[in-house]
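Structure at a glance
Chain residues, written in single-letter form:
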Amino acid sequence: MKNIFWFRRDLRLQDNAGLYHALRSGIPTQCIFIFDTNILDKLNDRTDARVSFIHQVVLNLNGQLKEYGSQLKVYYGEPVAVWKNILKNDPDITSVYTNRDYETYALDRDEKVYQLLAARDVKLHTYKDHVIFEKDEVLKKDGTPYTVFTPYKKKWIEKLHSKKAGQLSYYFKSYPSVKYSSSLAKKNGGNEIISLETMGFSQSSISFPDIEVKQKIIKEYGEKRNFPAVHGTSRLGIHFRFGTISIREKARRAEQLSDVYLSELVWRDFYSQILSHFPKVETSAFRDKYEKVKWRYEESEFHAWCQGKTGYPMVDAGMRELNETGYMHNRVRMIVASFLTKHLLMDWRLGEAYFAEKLLDFDLASNSGGWQWAAGCGTDAAPYFRIFNPTSQQVKFDKDFVYIKRWIKEWGTADYPEPIVDHKYARERCLKAYKEALA
Ligand SMILES: Cc1cc2nc3c(=O)[nH]c(=O)nc-3n(C[C@H](O)[C@H](O)[C@H](O)COP(=O)(O)OP(=O)(O)OC[C@H]3O[C@@H](n4cnc5c(N)ncnc54)[C@H](O)[C@@H]3O)c2cc1C
């Protein structure tokens, strides 16, 4: 008998729900990871920083497993084909353990793998690990999903306190996977891990945000989180995205240190459940009637937005930060998204796709949620007539131009471009287009 534990977006040994259950069963457990060509082949940038990040994490995981006398088996290919091979070559496998992934592609992939396993009489055990509450755990009294954040959050908090494990909420309890490390399958055979180059990638020059966050940042999060020049947010997005940290551990810490920070983690669950209940938000507006908005498309303007050359310094600083680091501050994400969808009146899907290509922390649920919020067509959206004025946003959130000067070296010189569109004119054009669509 043998278990397989399949790592996906939960790339850590400690406090890993699926791994814990696999090891606790007492049956030898082989950990695996698949570099998925369905995903990798679609990436245009062969130095994609997310691939470098995952590759580094996979090497680290293998190093940690080696310390327990085990190893990580790493595959490269199309997951269903990889699974066919694994099953063909290893008749001892009786169970597969993994943590649930809620994106449409992942659900479809997992269903196909499940069919394969079932045909071989291999059991599939899946666990909640990526969120605090899944799709159906926080619902309205009538059993329907919440589509507005505030009542969702109220119910989320109620549920959190409804079940206790000692002093702690039951839902924050960690899974001491490593305690059962003796169940890890012993290393056998070679342990070559495919290189980035063999997969057609090379190392990105982008550096990754620390996995450790100073307590002070979380404590002062409520006061500092809106100012992009300040290091006032955790920058843990990429670690939440790939599960190099545990959401339970971070939520526990947030509960002690900052309600505002905890609230952001609730937003993460909120968008995850929206995607699960309404998978159409992956490509369509949550509010159908917004599909009628007549978007413009002007290539030179879209390029100016992507390159950070719109002549609106808050927008440009944000886009340059994104292009150079794979990160953009949340306040600035809202400003650049509003600018693209409202000032330039371009389809939110264009911006969403650009972010998906560039953000280290790209997450389908939160990205679609954020973009639809900005465009006014989402669940809890900013009303369409709320159009951020990038200049007043700068006065409020970067009044000394510290953030702007950091990212726009030529700002204040003749080399910096004139605004590509007049604010007042763009505002009126936007209001007219939205009004017509919603009439
Ligand atoms: C247009 C737009 C696109 C976005 N795209 C993404 C995305 O692809 N991936 C992503 O994780 N977040 C996205 N966000 C939400 C938010 O901007 C980022 O989570 C945050 O800026 C990441 O920085 P941080 O790790 O320092 O966050 P912190 O402010 O330190 O927050 C901690 C964590 O809470 C979660 N979080 C915070 N704010 C939100 C939010 N509004 N919605 C959902 N989760 C949140 C994230 O996991 C974040 O890492 C987007 C927001 C907008 C307006």
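Cut-offs and rules
Residues numbered from 1 in each chain as written. Predicted model: local features only at pLDDT ≥ 70, side-chain atom pairs only at ≥ 80, totals over all residues. Heavy atoms only, no water. Core = buried A, V, L, I, M, F, W, Y, C linked by side-chain atoms within 4.5 Å. Buried < 20%, exposed > 50% of the residue type's maximum accessible area, 1.4 Å probe, protein only. Helix = DSSP H or I, 4+ residues; strand = E, 2+ residues; numbered from the N terminus. Domains from an automatic or database assignment. Contact = heavy atoms within 4.5 Å. Pairing = 2+ DSSP bridges. Axes fitted to C-alpha atoms, helices over the stretch in contact; angles between N-to-C directions. Near = heavy atom within 4 Å. Polar contact = N/O pair within 3.5 Å; in protein donor to acceptor, adjacent residues only side chain to side chain. Areas by Shrake-Rupley, 256 points an atom, 1.4 Å probe, with all protein chains shown as cover. Nonpolar A, V, L, I, M, F, W, Y, C, P; charged D, E, K, R; others polar.

Now for the nonpolar core. Core analysis: the largest hydrophobic core is formed by 83 residues, its most contacted members being Ile 132, Trp 156, Trp 305, Met 319 and Phe 355. Element by element, the count of residues in this core is highest for helix H11 (residues 259–277), at eight residues. There are two domains that each give this core at least three residues, and those are domain 2 (131–173 + 215–277) and domain 3 (288–438). Those residues in contact with Trp 305 that lie beyond four places of it in its chain are Thr 310, Val 315, Met 319, Val 336, Phe 339, Leu 340, Leu 344, Gly 351, Tyr 354, Phe 355 and Trp 371. Core analysis: the next-biggest nonpolar cluster, separate from the first, contains 33 residues, Leu 19, Cys 31, Val 74 and Ile 194 among them.

Next up on the list: unusual backbone geometry. Despite not being glycine, Asp 15 has its phi angle at roughly 50°, a positive value. Within the secondary structure, Asp 15 sits in the loop between strand S1 (2–7) and helix H1 (17–24). At Arg 235, a position not held by glycine, the phi torsion is positive, near 60°. Looking at the element boundaries, Arg 235 is found in the loop between helix H8 (221–224) and helix H9 (237–242).

Further remarks concern the sheet that holds strand S2 (residues 29–36). Strand pairing in a sheet relies on backbone hydrogen bonds, with the paired strands running either antiparallel or parallel. In spatial order, the strands read S3-S2-S1-S4-S5; together these five strands make up an open sheet with parallel pairing. Either end of the sheet is taken by a strand with one partner, and the two such strands are strand S3 (72–77) and strand S5 (123–127). Averaged over all pairs of adjacent strands, the angle between their axes in this sheet comes to 25°, without regard to strand direction. Across five bridges, S1 lies against S2 in parallel orientation. The partner of Trp 6 across the bridge, within S2, is Ile 32. Along the sheet, helix H4 (residues 79–89) contacts S1, S2, S3 and strand S4 (93–99); its crossing angle with S2, the most-contacted strand, is approximately 150°.

Near the ligand lie 28 residues; those nearest to it are Tyr 221, Thr 233, Ser 234, Arg 235 and Asn 330. Between an oxygen atom of the ligand and a main-chain N or O atom of Gly 237, the distance comes to 3.0 Å. Contact between the ligand and Tyr 327: an oxygen atom at 3.2 Å from a side-chain N or O atom of the residue. Alone, the ligand offers 810 Å² of accessible surface; in the complex the protein occludes 96% of this. Going through the elements one at a time, H9, H11, helix H14 (330–343) and helix H16 (364–375) are the ones with two or more residues in the shell around the ligand. A per-element tally of the shell around the ligand places H11 first, with six residues. Here the residues of the shell around the ligand sort into 15 nonpolar, seven polar and six charged. There are two domains that each give the shell around the ligand at least three residues, and those are domain 2 (131–173 + 215–277) and domain 3 (288–438).

On their own, these measurements won't tell you what the molecule is for.
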